Amino acid sequence: MSSAPPPGLDPERLRRFLDAEQPGLVTGPLEARLIEGGRSNLTYAVSDGTGRWVVRRPPLGHVLATAHDMRREHRVISALHTTAVPVPRTLLLCEDETVLGAPFYVMEFVDGTPYRSARELASLGPERTRAAVLGLVDTLVDLHSVDPEAVGLGDFGRPEGFLDRQLRRWGKQLDASRGRELAGIDELHAALGRALPASPPPTVVHGDFRLDNVLIGADDRVRAVLDWEMSTLGDPLTDLGLLVMYSTPLDLPDSPISTTATAPGHPSAAELVERYAARSGRDTSALAWYTAFAWFKLAVILEGIHYRWTLGQTVGAGFDRIGELVPVFIAHGLTTLQEG
């Protein structure tokens, strides 16, 4: 680990806090490093040379409180720890912003790999890749099998009118990022609104369920599901639609948006849906809507990034090419909805 502390986490202050809250947990000076790859909230690996932990906090320059609610994230992980869903064990939540400058929580460190691209998955080989991705579907079925009331999450969201609210929310996000004409995006949004399906009974939904938001162990099994900042009570098929979208090969060489779908051995989207339906017993006949909605949502997210890039508000490489991807996602959404 680096000796220079990363932005947003002061190891000495964290040590003093942990010593006061859980005496004996930490046995030496703490070192911390930022774990790269997160989209929003910041994740740090922390160690005293013997034990290892993970700290989660909102981004620097804290924006929307509701989007970076540490109490909410800590609550869902703590509740799910008693279930079949693999999540890290939480140690404590701190809402005193004088410690690190923002609320944060601490959880156990779980060994595993987040596979973010087909190239990374290729190192496993076809059989192990297949096992890992099918295990991802099984984990999603386990999540959607949890009784929210039984684990204390009965009031974790407002499932009534969930899809309608989601569609309106992402429509507003689109309006906030309008800096150019985008052929087909309003047509896709309107078509989704006209074809709104009836939701099955609500479950805990992850909100961003995909391969690079889980840790895969050396045995190719899902060791931990991470990044619960979008979780709520709602329509479980939104999670499946997003997973199907991320499991669709995109013919975009050198794209800054990675997909694992082209890795040798990766099951097809149709096989993932079939496995989910067989194991969950849910009707997936309307899944084209949910997948089209996932394409729309990602198009809006990418357009937001492109809009910030045009205003000079992004830092790093690859942002200049995000804009050209948006029409591809719109086209996939329209095609998915039309072909059913």
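Report follows, based on the coordinates. (Residues numbered from 1 in each chain as written. Predicted model: local features only at pLDDT ≥ 70, side-chain atom pairs only at ≥ 80, totals over all residues. Heavy atoms only, no water.)

1. Overview of the packing of helix 6 (residues 162-176) against helix 7 (residues 185-194)
Threshold: Comment: axis = line fitted to C-alpha atoms, over the contacting stretch for helices; angle = value between 0 and 180 degrees taken between N-to-C directions. The way it works is that DSSP assigns letters per residue, a run of H or I at least four long becomes a helix, a run of E at least two long becomes a strand, and they are numbered from the N terminus. The labels follow the angle: roughly parallel below 35 degrees, roughly antiparallel above 145, roughly perpendicular from 65 to 115, and oblique for the rest. Left-handed is the label given to a crossing in which the near helix is rotated counterclockwise from the far helix by less than a right angle, and right-handed is the label when the rotation is clockwise. Every residue pair with non-hydrogen atoms within 4.5 Å of one another is taken to be in contact. Residue polarity is assigned by list, with Asp, Glu, Lys and Arg as charged and Ala, Val, Leu, Ile, Met, Phe, Trp, Tyr, Cys and Pro as nonpolar; anything else, Gly included, falls into the polar class.
At a minimum axis separation of 11 Å, helix 6 and helix 7 run at an interaxial angle of 165°. Taken together, helix 6 and helix 7 sit at an angle that is classed as roughly antiparallel. Handedness of the helix 6/helix 7 crossing: left-handed. Taken together, the residues of helix 7 that come into contact with helix 6 (itself represented by Leu 167, Gly 171 and Leu 174) are Ile 185, Asp 186, His 189, Leu 192 and Gly 193. Of the residues in the contact of helix 6 with helix 7, the class split is four nonpolar, three polar and one charged.

2. Some details on the nonpolar core
A general feature of soluble globular proteins is that nonpolar side chains tend to end up buried together. Quick reminder of the rule: Think of a nonpolar core as a cluster: buried Ala, Val, Leu, Ile, Met, Phe, Trp, Tyr and Cys residues, connected wherever their side-chain atoms sit within 4.5 Å. Buried residues are those whose accessible area, probed at 1.4 Å on protein chains only, stays under 20% of the maximum for their type, while exposed residues exceed 50% and partly exposed ones sit between those limits.
The biggest cluster of nonpolar side chains holds 78 residues, and the ones touching the most others in it are Trp 228, Phe 296 and Phe 329. Examining the composition of this core, we find that 13 residues originate from one element, helix 10 (residues 287-310), more than from any other. In this view, Phe 329 contacts Met 245, Leu 250, Ile 257, Trp 295, Leu 298, Ala 299 and Leu 302; residues no more than four positions away in its chain are not counted. The next biggest cluster of nonpolar side chains, apart from the first, holds 19 residues, and it includes Leu 18, Val 46, Leu 91 and Val 106.

3. Things to note about the packing of aromatic side chains
Any aromatic ring pair is given by two values, namely how distant the centres are and how the planes are angled relative to each other. Stated formally: When two rings of Phe, Tyr or Trp (its six-membered ring) have centres within 6.5 Å they constitute a pair, described as stacked for plane angles under 30 degrees, edge-to-face for angles over 60, and tilted for the intermediate range.
Inspection of every chain in the model, using the stated rule, returns four aromatic pairs. For the pair Phe 17 and Phe 104, a centre-to-centre distance of 5.6 Å together with 70° between the ring planes defines the contact as edge-to-face. In this pair, Phe 17 sits in helix 1 (residues 11-21) while Phe 104 sits in strand 5 (residues 104-108), placing the two residues 87 residues apart along the sequence. Pair check on accessibility: Phe 17 and Phe 104 agree, each one buried.

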